[in-house]
Every structure is written in C-alpha cells, then in structure tokens.
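A look at the structure
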Number of protein chains: 2
Amino acid sequence: MFTIDDGQITSPGGFTAGTAAAGIKYPGKCDLGLLASAVPAVAAGVFTRNAIRSAPVQVSERRVARRNAGAVVVNSGCANACTGERGLRDAESMAAMAAARLGLNDDDVLVASTGVIGTFIPLDRVEAGLGRIALHEANGHSFARAIMTTDTRPKEIAVAVDTPHGRVVIGAAAKGSGMIHPNMGTMLCFVTTDACVDPVFLQAALARSVDKTLNMVSVDGDTSPSDTVFVLANGVAGNELIDEKTGHSFEEALAFVCEHMAKAIAADGEGASKLIEVVVAGARSIADARMAARTVASSPLVKAAIHGADPNWGRIVCAVGRSEAAIDPRRVSLSLNGVPVMSRGMPLPFSETDLRESMKSTTVEVLVELHLGSAAATAWGCDLSAEYVSINASYTT
Amino acid sequence: MFTIDDGQITSPGGFTAGTAAAGIKYPGKCDLGLLASAVPAVAAGVFTRNAIRSAPVQVSERRVARRNAGAVVVNSGCANACTGERGLRDAESMAAMAAARLGLNDDDVLVASTGVIGTFIPLDRVEAGLGRIALHEANGHSFARAIMTTDTRPKEIAVAVDTPHGRVVIGAAAKGSGMIHPNMGTMLCFVTTDACVDPVFLQAALARSVDKTLNMVSVDGDTSPSDTVFVLANGVAGNELIDEKTGHSFEEALAFVCEHMAKAIAADGEGASKLIEVVVAGARSIADARMAARTVASSPLVKAAIHGADPNWGRIVCAVGRSEAAIDPRRVSLSLNGVPVMSRGMPLPFSETDLRESMKSTTVEVLVELHLGSAAATAWGCDLSAEYVSINASYTT
C-alpha cells in the first residue's frame, strides 16, 4: 500500500465530482457537493449512534441497506435535523433532484447534510445549485472543500493497494467539527474505491475500520445527529471480487484511510492546536481499552492541561479511573511523550521542565498501561483552548 | 423546616470546630480543619465512584462502615492520592494525630484530603498544625473556609427540622472545584446533626439524598479520587430515635441541605458565571431521567452556548440523544427559561432577541420533556468560560 501524491476522492477510477455555491446559509460559500460513479457501485455506510438522527441519515441508512448506490449529494449550512416528516420528504427530494440530474433512480442517490439543527433546507437553492454543477474527475479537491464548514483545512487522501487480485485505489474526503457556527459539528467521511468488493464484506470491513478509527475521535464528547461514513466501490479496477477471505490487504488500506481521517479531524478540532494520541494497553478487553482511551482523550481537564503543556498526570489517571474500564490502581503505569511519570500506582520522579518542553509539540502521546490483559486501543483528541469557548459561545445566524 | 440565619456546620448542638494554617502547600493558607462532636456520633458516608481512590477515602470508608465516629480531620493542598501503601499509612497517622489531640480512639476519626495528586502529605506540618487548633462552637465558618481550595466563596448552611420526635438541627460545610491549581478539584461535604438517628437509616437517607443532589452536579465531568460526604449525628438534641419509619421530615431536610450544597458547588464551578439547572421530565425511568439531565448539564457545547446566552437548542437535544436514555425523537419537547423552542420533535418559532436577553440571567433553566413516562430528575451545572481553560491550562507548583 502506498499513499498517492495529491490524492483525492476522485482518484479511484470511474468517479467524478462537482460543487456549487448554492447559498444554503451564506451567499458565495461553496456548500453543495455531488459525487458520482460512472457505473453502479456497491455501497456501505455507518451512521451516528445519537438517538436524534437527521433526516438524511434516516434516508441514507435505508438506501445503504440495499448495498448499492451511484452517487452522493451533500450540503453544508443546514443539517436537516429535528425537522420531522417534512425533513424526511426534503431529504428525499434533494436526492431525487440529484438523481434527475444524473439519470439515476432516486434510491441510488445517498444524501448527507451538515449545519444548523431545526431549520428546513431551501430545496429551490439546492435544485438551482445542482443545475450549475459540472462533474469532473479532477474535482475531488473541490468536493473536499465543499463539505467543509469551519474546518480550517480540507481532509482528503488516496492510497493504492495491491490485493491478491490486483491493484485497487481507495480515495476519501472528510469533514470534522470546527464549530464557528452553531451545530455545524458533524463528522462526514466519504470513501470511494474502484475495487470490486463483496457488499457484505465491504459493510463489515467498514464497520470494523470505523470502530477503531473514526469512532475513537473525540473533539468534545458531543455527537452529532448527522455523522455519516459512506463507501462506494464501483469495480472499475476490474479486479476479481474481494471478500472476507481475500480482503485482508484491502481492509488494512481502508482502515489506514479511516485512521488518517480520524487524526486529521482530531487535529483540526475547534480551537485545537495539538493532536492528542492516547494509547491504552494491557486492558482486560478491547471494550475496556477503548472506553479508557476515549475517556482520557475527551476529559476537559486533560485537554486543558495539554493545551498548557502541563505534565499534570493525575488528571489522566483520574480519567482512566472514572472510565468504567476494569483497572487495578496498583498496576496502572503512565508515560507522557515517552517519559514515565507513574509506575504501578506510584509517582515517579521526572524533570518537569524537560517534560513541559516536550509537551509543546503538536502531537502529545499518552500511554496508559493497565497490566491486566493484552487488549489495546488508541483514541485521538485535541487540546481544549480558550478559542474553543469563544467559538462556541457565539451564535451567528 | 427553616433555614437558620448565619447557619454553620457547628450550629447543631455538641459540635465544635477549629482550623490552622499548617503550610501543607502554601505558607499562610488556612489548610487544616478539625470537626469534633462532644459525644460519640452515629456516622454515615458516601465516597467517590472513581476506581482511583485516595488514601483518606479508603481509610474513612472502612471507618464509616462501623457506623460511628467522633471527629473529622481534613486538609487541603495535598490529596494523598496515587500514593500507594505509604499514603494509606499517612492517612491513618493523620487521623491518629487528631485522635490523640482529642483523646479519641484512632478509629473514631474520619479523614479527608484535597489537593495535588501524586505527592505525599507532610505529616510533621499536620501534627504541628493540629497542636495549634483551638476548638470552639463558633468556628464553623472558619472550618468552611479551611476546606476551600480555589472556591471563590465558602459553602455552608444550617436548617432546623421539626420531626415527629422534636426539633433537630442539621448543619453542613462543603467545597467544590475551582481549580486554579491542578487536581484541586474535589467535592467534600460534611454534614452534622444533633439528631438521634438510627445508623442504618442515616446511611440510606444520605445515599438517597446524595444521589439526587450532589451526584447530579457536573462542573466538567471529571470526577476526583477524593470525593467524600460524611454525616455525623450525635443525638445531643435528645429526640427519640429517628429511623426509616419516622424519618421522612429528617430525610427531606437532609436532602434540602445536600441540594443547597449541590447548587452552590455548581454555581461556583471553575470560571463559572451561571448556574444551569436541567430538568428532564416524562422519562421512562429515574435512571434515564438522570442520565439525560447529567449529559445535558455536562455537555461542553451546551455549556459554551449558555455562557454566550445563545439559544442554541439543537445542542441540548443532541446531548439528550447521546445520553443513552430511552427517547422517541418525535415526542421530545424543550423549553429554555420557560420559552418553548421545540415541541414533539419539531422546531417552534420564538423571539431569539428576547430569549438571548433572558439567558443573560445568572441561572438558566432547561426543561426537557420526553413524554414517555412519569420519571423526572434535575441536574446542576455551570457555563463553560474561557477562564475555565486558562485556569486549567496552567500548572502551579
């Protein structure tokens, strides 16, 4: 597997994209994206676990269950969430407009939205915007920018993978949550591949990959009703079918792409200046390791301490302690950026000056060893800055 | 029941207190407190649920299980947590020093500590400080100040209750978390009463009261290894024994005292300018109502929005949605400071200008109606300010 230079969501064969400034919330902002496959594609998806689910999530989940799709239409500026039956009809209409534009059946278009909750989507502007979109295989970069809300940079990647059945390409574009505007905080990640993939395997591989990557990102512990990951696999590479038996290298590449996006989203969290990588090892179970790692990565006190390059390790231990993971306090060890600060429950001497200096790096690594078993997990977060608060305390309509 | 003017922890008969500046962390800071009952008292306690438990928590929990005690010794500046076997011995020594000072058995002294994690307590200073303490029934206010770390104001109350068996008094002092210094964030609450109370009922009444009051406070979701609530009931009032059958008015007063402290701690959270009161009603179960209320009260996005007096209700609904409480999105209704903003899943029109103005109040009330059952719960939190971040990003040794 290797990363393709300047890779984009349209790097895999047979995919095109296009964008428009539809004026959904702000005039002039590129806020509408269309991604299309030249041929019918196998589809998989995972969606928010929030009990409040946006209309596009509800519509797309039903369609992904059919395991195929030909296009994705996405907008920013309006989440189409908490909008009842009318919201569901609107999401279906938006997909139908894209389907008409592309000559597809309505059901073959997936839809995603991110933006303000509790407002209705201006369908006339979506329709006019779709009419202005020109699809092209060089437009992947533009698509990655169209789905940004207040992300400070686009998030995209493409990799080439040599599978037992030949080389295939996987591309992706994602957005995270940089919430200068209220309720813009949604994780969207779209993945394309020209591989020919068994649909059941594709869904399983996606779910496994997301569980250990995008589901391990925390910016502030608040989950959106719109979080969505799609994969479209169109088979244009002409490889033999990849399935559960032969899919190892493909799944590895898919997980790599998802992990890349997870780190990019965490590092670009609202007001963030640092990526925090938390590894919990020696846990009794994977579930325990994940709970502990996520609790540390999302602790406001840990995030604030790391913002200040503060080797305040007691906060990390306490976050592990409240995570509900099985722990024995007398076995817990902890390192910060490779410096051991606690060993089996007891404080260790260390140079505070040196560790403070080391923690000024743009990535801070936390390693927690529970010494109870062999399960491990990694979570990604970002520091908590005063900018986070000022961003989220102001409401801009 | 009525609140006693200028009430303090020594308002109930037979209690005295004293304090000293022992120099545990800072010279001159009043950091050592002693609370004593003139006669043996019935004791009850509840402790942190964090799997990392400070040495004083471990020692005191064993002693409270004996259901009686005569005194409490408490220090700020050092939490005596993550200190292993030596920490346990130190906590026992600290209690033994207080016992010697008071002529009690070691086991009759409860101990609590709050402060930096991972450092050892300077026992010589504790001993010298105890030698300088003068006990007096007018020293309750001083005791409430001695347990403060970076709280901006002392938290104390006393109430008189007419029980079926006569009038008794309940007093209390508490500290919350205003963490100018790292790991100072501990909730300590000490309650005294001159009532004669059955010990089994006292423990049960305390646990029930704390569950719906102090356990419903969230400043930042981070729990301390030192959180402790004690009640000492010395029977000096001479009432007939209060037990489960006759204890209704006593328990109501105990819960009132705990609720008073819960609100005081939330309102004085780190960097806080507002108290947030979240009521979740119509839940399927109390557990659901509590989960939903606590999740809303501790959501960084909700807290930041309320800091900015921002009627950004989508964030509240999303926090309910991720709380794991049973909900039906089509039945959820929401009011902010009495203004309905969402009804049964659909947005309502409201004056944003008026609601913004109303939300500038020092208490913001959130009412979530789930329309699924009859269970309700209240949680208390505070807004998230840039000051919270600057407080917690700086490490001061």
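Quick caveat: nothing in here was measured; it's all calculated off a predicted structure.

**A look at the overall build of chain A**
Of regular secondary structure, chain A possesses 11 helices and 16 strands. Relative to its length of 397 residues, chain A is compact, with a C-alpha radius of gyration of 21 Å against a globular reference of 21 Å. Each principal axis of the C-alpha atoms in chain A carries an extent, and together these give about 70 × 50 × 35 Å. Counting the 397 residues in chain A, one finds 63% classified as buried.

**Description of the nonpolar core**
Core analysis: the biggest nonpolar cluster contains 280 residues, and A:Ile170, A:Ala172, A:Val296, B:Ala172 and B:Val296 have the highest contact counts within it. Not counting the four nearest positions on each side in its chain, A:Ile170 is found in contact with A:Pro12, A:Ala158, A:Val159, A:Val161, A:Val191, A:Thr193, A:Ala253, A:Leu254 and A:Val257.

**Topic: the pairing of strand 15 (residues 363–369) of chain B**
A regular strand carries its side chains on alternate faces of the sheet. All names here are of chain B. Here strand 15 lies mainly inside the structure; five of its seven residues are buried. Bridge count for strand 11 (residues 275–283) against strand 15 is seven bridges, and the pairing is parallel. Bridge pairing in strand 15 places Ala281 opposite Glu369.

**What about helix 9 (residues 313–321) of chain A?**
Residues and elements named next belong to chain A. Taken across its nine residues, helix 9 has nine buried, putting it largely inside the fold. Those residues of helix 9 that sit buried are Trp313, Gly314, Arg315, Ile316, Val317, Cys318, Ala319, Val320 and Gly321. Where the residues of helix 9 are buried, they touch helix 7 (286–298), helix 8 (300–307), strand 12 (333–336), strand 13 (339–343) and strand 15 (363–369).

**Some remarks on the sheet that holds strand 15 of chain A**
Strand pairs in the sheet, formed through backbone hydrogen bonds, run parallel or antiparallel to each other. Residue and element names in this part refer to chain A. Reading across the sheet, the seven strands line up as 9-16-11-15-12-13-14 and stay open at both edges, with mixed pairing between neighbours. Both outer strands of the open sheet, strand 9 (217–218) and strand 14 (346–347), are each paired with one neighbouring strand and no more. Here helix 6 (residues 248–267) sits on the sheet and contacts strand 9, strand 11 (275–283) and strand 16 (375–382); the angle it forms with strand 16, its principal contact strand, is near 40 degrees.

**Quick look at the relation of the copies chain A and chain B**
Each copy of the sequence occupies a distinct position, and chain A is placed on chain B by a rotation of 180 degrees and an axial shift of 0.0 Å, giving an RMSD of 0.0 Å. Overall, the copies show the geometry of a two-fold rotation axis. When C-alpha positions in chain A are compared against the rotation axis, the closest is assigned to A:Ala386, at 2.3 Å. Taken together, the interface assignments show that 98% of the residues at the interface of chain A recur at the interface of chain B, consistent with an identical surface on both copies.

**Structural notes on the domain arrangement of chain A**
All names here are of chain A. Partitioning chain A into structural domains gives domain 1 (2–267) and domain 2 (275–393). Just the C-alpha atoms count here: the centres of domain 1 and domain 2 sit 32 Å apart. The interface of domain 1 with domain 2 comprises 11 residues on the first partner and 14 residues on the second. Contributions of two or more residues to the side of domain 1 that touches domain 2 are made by strand 9 and helix 6. Sort the elements by how many residues they give to the side of domain 1 that touches domain 2 and helix 6 lands first, with four residues.

**Some thoughts on the packing of helix 8 of chain A against helix 11 (residues 386–393) of chain B**
Closest axis-to-axis distance for the helix 8 of chain A/helix 11 of chain B pair is 7 Å, and the angle between their directions is 65 degrees. Viewed along their axes, helix 8 of chain A and helix 11 of chain B adopt a mutual orientation that is roughly perpendicular. The crossing of helix 8 of chain A and helix 11 of chain B is right-handed. Along its contact with helix 8 of chain A, which presents A:Leu301, A:Ala304, A:Ala305 and A:His307, the element helix 11 of chain B presents B:Val389, B:Asn392 and B:Ala393. In terms of residue class, the contact of helix 8 of chain A with helix 11 of chain B is made up of five nonpolar, two polar and no charged.

**A word on unusual backbone geometry**
For A:Asn337, which is not glycine, the phi torsion reads 45 degrees and is therefore positive. For A:Asn337, a count of 18 C-beta atoms within 10 Å gives the class partly exposed. One non-glycine residue, B:Asn80, adopts positive backbone phi at about 50 degrees. For B:Asn80, a count of 31 C-beta atoms within 10 Å gives the class buried.

**Re the confidence of the model for chain A**
Residues and elements named next belong to chain A. For chain A, per-residue confidence averages 90 on the pLDDT scale, and 95% of positions sit at 70 or higher. Note on residues 179–184: pLDDT is under 50 here. Beyond four places in sequence and across chains, it has 28 contacts. The ipTM assigned to the predicted complex is 0.77, against a pTM of 0.82.

**Focus on the sheet that holds strand 14 (residues 346–347) of chain B**
All names here are of chain B. If you walk across this open sheet you meet the seven strands as 9-16-11-15-12-13-14, and the pairing is mixed. Single-partner strands in this sheet number two, and they are strand 9 (217–218) and strand 14. Bridge count between strand 13 (residues 339–343) and strand 14: two bridges; the pairing is antiparallel. Bridge assignment links Met342 to a residue of strand 14, and that residue is Pro347. Strands in contact with helix 7 (residues 286–298) are strand 9, strand 11, strand 15 and strand 16 (375–382); relative to strand 16, the strand with the most contacts, it is inclined by about 20 degrees.

**Some words on the packing of helix 5 (residues 199–212) of chain A against helix 6 of chain A**
All names here are of chain A. Axis separation between helix 5 and helix 6 bottoms out at 9 Å; the angle between their running directions is 40 degrees. Here helix 5 lies oblique to helix 6, going by the angle between them. Between helix 5 and helix 6 lies a crossing of right-handed hand. Here helix 5 contributes Ala205, Leu206, Ser209, Val210 and Lys212 to the contact with helix 6, which in turn contributes Glu251, Leu254, Ala255 and Cys258. Partitioning the contact of helix 5 with helix 6 into residue classes produces six nonpolar, one polar and two charged.

**Remarks on the interface of chain A and chain B**
Counting residues at the interface gives 48 residues for chain A, matched by 47 residues for chain B. Secondary-structure elements contributing two or more residues to the side of chain A that touches chain B are helix 8, helix 9, strand 14 and helix 11 (386–393) of chain A. With seven residues, the top contributor of residues to the side of chain A that touches chain B is helix 9 of chain A. The residue makeup of the side of chain A that touches chain B, split by class, is 25 nonpolar, 18 polar and five charged.

Rules behind the numbers
For every chain, the first residue of the written sequence is number 1, and numbering continues from 1 onward in sequence order. Chain letters start at A and ligand numbers start at 1, both assigned in the order the entries are written. The predicted nature of this model means local features are confined to residues of pLDDT at least 70 and side-chain atom pairs, given and counted, to a pLDDT of 80 or more, with totals for whole chains, interfaces and linings taken over all residues. Numbering of helices and strands starts at the N terminus; helices are DSSP runs of H or I of at least 4 residues and strands are runs of E of at least 2. Only the C-alpha atoms count toward the radius of gyration. The rule for a globule is 2.2 Å times the residue count to the power 0.38. Put plainly, a residue is buried at 20 or more neighbouring C-beta atoms within 10 Å of its own, exposed at 12 or fewer, and partly exposed in between, counting only other residues' C-beta atoms, which are placed from the backbone. Nonpolar cores are built from buried Ala, Val, Leu, Ile, Met, Phe, Trp, Tyr and Cys residues. These are joined into a set through C-beta atoms within 7 Å. Here contacts are defined at the residue level, using C-beta atoms placed from the backbone and a cut-off of 7 Å between them. Note on pairing: DSSP must find at least two bridges between two strands before they are called paired. Interaxial angles span 0 to 180 degrees and are taken between N-to-C directions of axes, which are lines fitted to C-alpha atoms, for helices over the stretch in contact. When the copies are overlaid, the least-squares fit takes in C-alpha atoms only where the residue has pLDDT of at least 70 in both copies. Domain extents, as shown, originate in an automatic or database domain assignment. Angle categories: roughly parallel below 35 degrees, roughly antiparallel above 145, roughly perpendicular from 65 to 115, and oblique for all the rest. Crossing handedness is read from the near helix: turned anticlockwise from the far helix by less than a right angle, it gives a left-handed crossing, and turned clockwise, a right-handed one. Three classes are used: nonpolar for Ala, Val, Leu, Ile, Met, Phe, Trp, Tyr, Cys and Pro, charged for Asp, Glu, Lys and Arg, and polar for all others, with Gly counted as polar. What pLDDT reports is the predictor's confidence in each residue, on a scale of 0 through 100.

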